[in-house]
Amino acid sequence: MENATNHPLPTLAFLGIGLMGKPMATRLAKAGYPLRVWNRTHAKAEVLRGAGARPCAELEDAVKGAAIVISILDAGPVVGQVLAAALPCLSPGTLWIDMSSTRQDEALDFDARLQQAGCRFIDAPVSGGVVGAEAGTLAIMAGGSGADFEEAVPVLKTMGSPTLVGPAGSGQVAKLCNQLIVGATINIVAEALLLADAAGADPAAVREAIRGGFAGSRVLEVHGQRMLERNFVPGGQVKTQLKDQRNILAAAAGAGVKLPVAELVTRQFETIELDLPAADHSAALIALERMNPGKRVGDGADTLPDK
């Protein structure tokens, strides 16, 4: 398969076939990229054979000879473990694009380790959830060199809209800023809907009335509707949002700034961490309702994921 400039498409290795990784890798395979896929649970990678990808049971087989390695894994420590195992198998000059959500200091460590091995690194976390991954409309926040980013752009555009926001580690800063706003807005939308209901207004009608005003937002659209329907099947999970919240506070401590709203939002999500970790992060509404006994948005049953 060749691209518009008549150059062969680079061989890609895609590591991590989870909620986000599966649709992202599927789009790359369907775009014609020679694609090897690997997952710690091999059955998840095997599912992509039908899309044209080559599932690899061994990490070495996935990354050996690949021009670009893409990872989207649970968290920084897992990325670090996989990177350490893959490093001896990488060809000099390999470009590793980590699309996981990690701390900035972890991304800088990955960059240093890859550079020491003669390879290159971009941190490129995403926003847009499973729906955005399936549609190829993810917001992709990239940190790295301009030259490496330009090389990565055609691959990244298959999955969404990439923006270079600074040197290595900056993509994770941008993702944390995104998640800071998302987490806080989800909680404030929950408060607005609960107040509307408790004060005698129709929360669905209130949401409809303010959608076109200054308070309108994507969170009000998507998560406001989830709250009204009491549909807490993810989407983005509570445990993932909470990981991001803690990374936000770690970044704030490193930068020497106080983020009081982010601290409060983190505490709210922590109240449902143990019993609702896999629920959509719009379950912040449930955390709020537990603070307000007898108050509830709507009378429908909660739709929750299997634990």
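Cut-offs applied
Residues numbered from 1 in each chain as written. Predicted model: local features only at pLDDT ≥ 70, side-chain atom pairs only at ≥ 80, totals over all residues. Heavy atoms only, no water. 1 Å grid on protein atoms, 1.4 Å probe; cavity = no way out; pocket = protein on both sides within 12 Å on 5 of 7 lines; lining within 4 Å. Points joined across faces, edges and corners; volume = space filled by probe spheres on them. Helix = DSSP H or I, 4+ residues; strand = E, 2+ residues; numbered from the N terminus. Nonpolar A, V, L, I, M, F, W, Y, C, P; charged D, E, K, R; others polar. Axes fitted to C-alpha atoms, helices over the stretch in contact; angles between N-to-C directions. Parallel < 35°, antiparallel > 145°, perpendicular 65-115°, else oblique. Left-handed = near helix turned anticlockwise from the far one by under 90°. Contact = heavy atoms within 4.5 Å. Salt bridge = Lys/Arg side-chain N within 4 Å of Asp/Glu carboxyl O. Buried < 20%, exposed > 50% of the residue type's maximum accessible area, 1.4 Å probe, protein only.

Once that is clear, we can look at the layout of surface pockets. In this structure, the largest pocket encloses a volume near 1,400 Å³. If you go around the largest pocket, you meet 43 residues; those closest to its centre are Met 20, Gly 129, Val 130, Gly 235 and Gly 236. Contributions of two or more residues to the lining of the largest pocket are made by β7 (126–127), α6 (129–135), α8 (170–198), α10 (218–229) and α11 (238–255). Residues belonging to the lining of the largest pocket are distributed by class as follows: 13 nonpolar, 20 polar and ten charged.

Interhelical geometry of α8 versus helix α13 (residues 284–291) gives an angle of 50 degrees and a closest axis separation of 9 Å. Our classification of the angle between α8 and α13 gives oblique. For the element pair α8 and α13, the recorded crossing hand is right-handed. Between α8 and α13, the residues in contact are Ile 186, Asn 187, Ala 190, Glu 191 and Leu 194 and Ala 284, Leu 285, Leu 288 and Glu 289, respectively. The residue makeup of the contact of α8 with α13, split by class, is six nonpolar, one polar and two charged.

One can find Arg 49 in the loop between α2 (42–46) and β3 (54–55). Separated by 238 residues in the primary sequence, Arg 49 and Ala 287 place their C-alpha atoms 41 Å from one another.

What follows is about the pattern of salt bridges. Enumeration according to the criterion identifies 17 salt bridges in this entry. Ionic pairing is found between Asp 148 and Arg 120, a salt bridge with its closest N-O pair at 2.8 Å. In this pair, Asp 148 is assigned in helix α7 (residues 146–157) and Arg 120 in strand β6 (residues 120–123), connecting sequence segments 28 residues apart. The class of Asp 148 is buried, set by a relative accessible area of 11%. Where Glu 273 meets Arg 246, a salt bridge forms, and the shortest distance between an N and an O atom there is 3.0 Å. Placement of the pair is Glu 273 in the loop between α12 (260–270) and α13 and Arg 246 in helix α11, with a sequence separation of 27 residues. Assessed through its relative accessible area of 36%, Arg 246 is described here as partly exposed. A network of salt bridges, in which partner residues are shared, links Arg 230, Glu 289, Arg 296 and Asp 302.

In short, the description is geometric, and any link to function would need to be established separately.
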